[in-house]
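Residue-level structure breakdown
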Amino acid sequence: MANISIRNVSKSYGALNVLRPFSLEIENGEFVVLVGPSGCGKSTMLKILAGLEPATEGQIFIGDREVTDLAPGDRDIAMVFQNYALYPHLTVRQNIGFGLKMRGTDKTEIDRRVDDAARILEVTPYLDRKPKDLSGGQRQRVALGRAIVRQPQAFLMDEPLSNLDAKLRVHMRAEIGALHKRIGVTTVYVTHDQVEAMTMADRVVIMQGGLIQQIAAPDELFNNPANLFVAGFIGSPGMNFLNAELRDGQLTAFGQQISLPRATTHQGPVVVGLRPEHLTLGEGPVTFSVRPTLVESLGSEKYVYFEAEGARIADGEDSKSKGLIARVSHSGALPRNEEIRLGFDPAQLYLFNFKTGERL
Amino acid sequence: MKRTFAQSLALYATVIFTLLMILFPVYWLVVTALSTTNELYRLPPTFWPTDPQWDIFARVWAAKPILMWLWNSMLAAVGSVALSMLVSVSAGYALSRYSMRGGATMGLFVLTAKMLPATLLVIPLFSIFSSFGLIGSLWTLVLAHSTMIIPFATWMLKGYFDTIPKELEQAAMVDGCSPIGAMVRVVLPIATPGLAATALYAFVLSWADYAYARTFLVNSPDNWTANLGITTMQGEYVTYWNDISAASVFIALPIIAIYLFLERYLVGGLTAGAEK
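Residues numbered from 1 in each chain as written. Chains lettered and ligands numbered in written order. Predicted model: local features only at pLDDT ≥ 70, side-chain atom pairs only at ≥ 80, totals over all residues.

Going by the annotation in an unreviewed UniProt entry, the name recorded for chain B is Multiple sugar transport system permease protein, with Neorhizobium huautlense given as the source organism. Quoted verbatim from the Sequence similarities (unreviewed entry) field of the UniProt record, the comment on chain B reads "Belongs to the binding-protein-dependent transport system permease family." In its Subcellular location (unreviewed entry) section, UniProt records this for chain B: "Cell membrane". (UniProt positions renumbered as here; feature names shortened; annotations may be inferred.)

In the annotation of an unreviewed UniProt entry, the entry for chain A reads Multiple sugar transport system ATP-binding protein, and the organism field reads Neorhizobium huautlense. Recorded in UniProt for chain A, the comment headed Subcellular location (unreviewed entry) runs: "Cell inner membrane". Per UniProt, chain A has the following entry under Sequence similarities (unreviewed entry): "Belongs to the ABC transporter superfamily."

Next up, the structure:
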């Protein structure tokens, strides 16, 4: 186990910068998730960390050792791939033991450690099968087994759950979390799924366009997003955004003047953020009337879609409603196109700079 | 989906027609071998000899050095396969995995070499081989056949390597393999069906050659290949087609045997299970 230090690592293909200077200090035993939309550079960063792609600039340290120019096999890391990358011509036992064999480990030692790993991951009954005879979840476990058997300094995981069906994904997510708690190896995990990032990480690194947007613990990201992108990316459904006007601490939105509880000196146009779950049915400190364009029922709660002046679609957000969403607890019927009252507390509004998107 | 009777009929008719087209020459070869010389020239032809000459195979085997010819063909084919596979595996793998400046153009250029007819290459090859003193040696066939095989085999193998996910080598490298080690330990075992198909193609191409053997080996009877040997059985005044056909049956047998042997490796789907 070791800490990982990534110092000003960048990657470009000719004029195309896929990764802007990236620096990150990962503590020994920490579980760090790199998350972002596709093409944000998260997988590239992981491959550079693994040694599968060279960095254009920068340095990487694992423990006290600089590994920037070392071959993948010399970095003492293990990697779990999105498509598992199990060797199809080898049995599960040989797959798990392959890395040890390559390092010249003694045969009896390999057997002992493969058996241990198989027991931890509950794949002992399948040790003599080929990967093609396993289910998706079993293959994923074997891929994890191949990683833990080597007792490496760090685990690198590249979207390991995205090939699994929804139910199994939730199950394996918990298993990977439990596995990390049990063996405590420093882990860097790449995903595009913010739910995975939020549930698994000690710290989350949110990336977009090759740039780090924010590095923070999951709750901190949710409560204090650094900019519009992070605010829109974290949370499901995503945060509502409205273009509004701010004058002398008075915000003009939802057709009324709203006094902001927090003092702000900013004047002029701003983007207002309001999480769907902070909207309630009925009266609140600020109340307005809407006609829902769509109501989706999830049983105990409902997603109420409505239109409002100045509504703005966040980057990457699907725009099916072209409007705002309220996530309300209500089990009765909510007819569409019939006026309802929604309320919220202005203390829960987020304000962002209209031009830069930075949080005010 | 269940087939209707008419669909079944059409399907089987097509299969039978195709089989007839393919197998009729083979059948005719056997019939020719078994017929007497007189019967061969009879019109209309008979579709099964009235008096099959089963002893013809033993007679031809005793009269002609067929075993030596087969052995020479085998040496030339095995040599060509070995040399071409060595080159094509490396080249195909490089074209599949590494992007290099002009890589695609180079790949296409390799393929154009395949489009040159053998008769065009035979003259420069002859002059090269004679300056190395190789004329009359089986090495000429190994080298000449490789020039025919390598371009196409490289592309066949590139196509096969393209179907193998890169993550397998990446996993092998993280597990401690060098890039060459990852290829040898992971990619090549998985590519067995592709390698077998390519090797078979190479073998058949070399085995079927006549033009090069005729040009480079005609004055060295001890190195004659089977195809070249058979054509020498054609007489100036009389040709015993039944003898030639019997010898041809002997020459076809090794190819059939090799197909049967390699068939199990030709079955694809070995990569099933590498990915979801």
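Points about the overall build of chain A
Looking only at helices and strands, one finds eight helices and 22 strands in chain A. For chain A, the share of sequence-separated contacts (at least 6 apart) that also reach a separation of at least 24 residues comes to 68%. (Helix = DSSP H or I, 4+ residues; strand = E, 2+ residues; numbered from the N terminus. Contact = placed C-beta atoms within 7 Å.)

As for the domain arrangement of chain B
Residues and elements named next belong to chain B. Assigned domains of chain B: these are domain 1 (5-54) and domain 2 (65-266). Centre-to-centre, using C-alpha coordinates, domain 1 lies 31 Å away from domain 2. Contributing elements (two or more residues each) for the side of domain 1 that touches domain 2: helix H1 (5-34) and helix H2 (37-40). Take the side of domain 1 that touches domain 2: its biggest share by element is four residues, from H1. Counted by class, the side of domain 1 that touches domain 2 contains four nonpolar, four polar and no charged residues. (Domains from an automatic or database assignment. Nonpolar A, V, L, I, M, F, W, Y, C, P; charged D, E, K, R; others polar.)

As for unusual backbone geometry
Each neighbour pair has its own omega, and for serine 236 of chain A with proline 237 of chain A the value is -5°, a cis peptide bond. Looking at where proline 237 of chain A falls in the secondary structure, it is placed in the loop between helix H8 (228-233) and strand S11 (240-247).

A word on the sheet that holds strand S16 (residues 286-290) of chain A
Residues and elements named next belong to chain A. The strand order across the open sheet formed by three strands is S15-S21-S16, and the pairing between neighbours is antiparallel. Strands at the two margins of the open sheet, each flanked by one partner only, are strand S15 (280-281) and S16. Across five bridges, the pairing between S16 and strand S21 (residues 340-344) is antiparallel. Among the inter-strand pairings, phenylalanine 288 is bridged to a residue of S21, identified as leucine 342. (Pairing = 2+ DSSP bridges.)

Topic: the interface of chain A and chain B
Taken together, the 25 residues of chain A in the interface contact 20 residues of chain B. A class-by-class count of the residues in the side of chain A that touches chain B yields 16 nonpolar, six polar and three charged.

Digging into the pairing of S11 of chain A
All names here are of chain A. Of the strand pairs in this sheet, S11 and strand S14 (residues 268-274) are connected by seven bridges, and their pairing is antiparallel. Its bridge partner lying in S14, leucine 246 is registered against glycine 268. The sheet contact formed by S11 and strand S19 (residues 311-312) spans two bridges and is antiparallel. Note on S19: the bridge partner recorded for leucine 242 is alanine 311. One ladder, built from three bridges, connects S11 with strand S12 (residues 250-253); its direction is antiparallel. In the sheet register, arginine 247 faces S12, and the bridge partner there is glutamine 250. In sequence, S11 turns back onto S12 through a hairpin of two residues, with aspartate 248 there showing a positive phi of about 50°.

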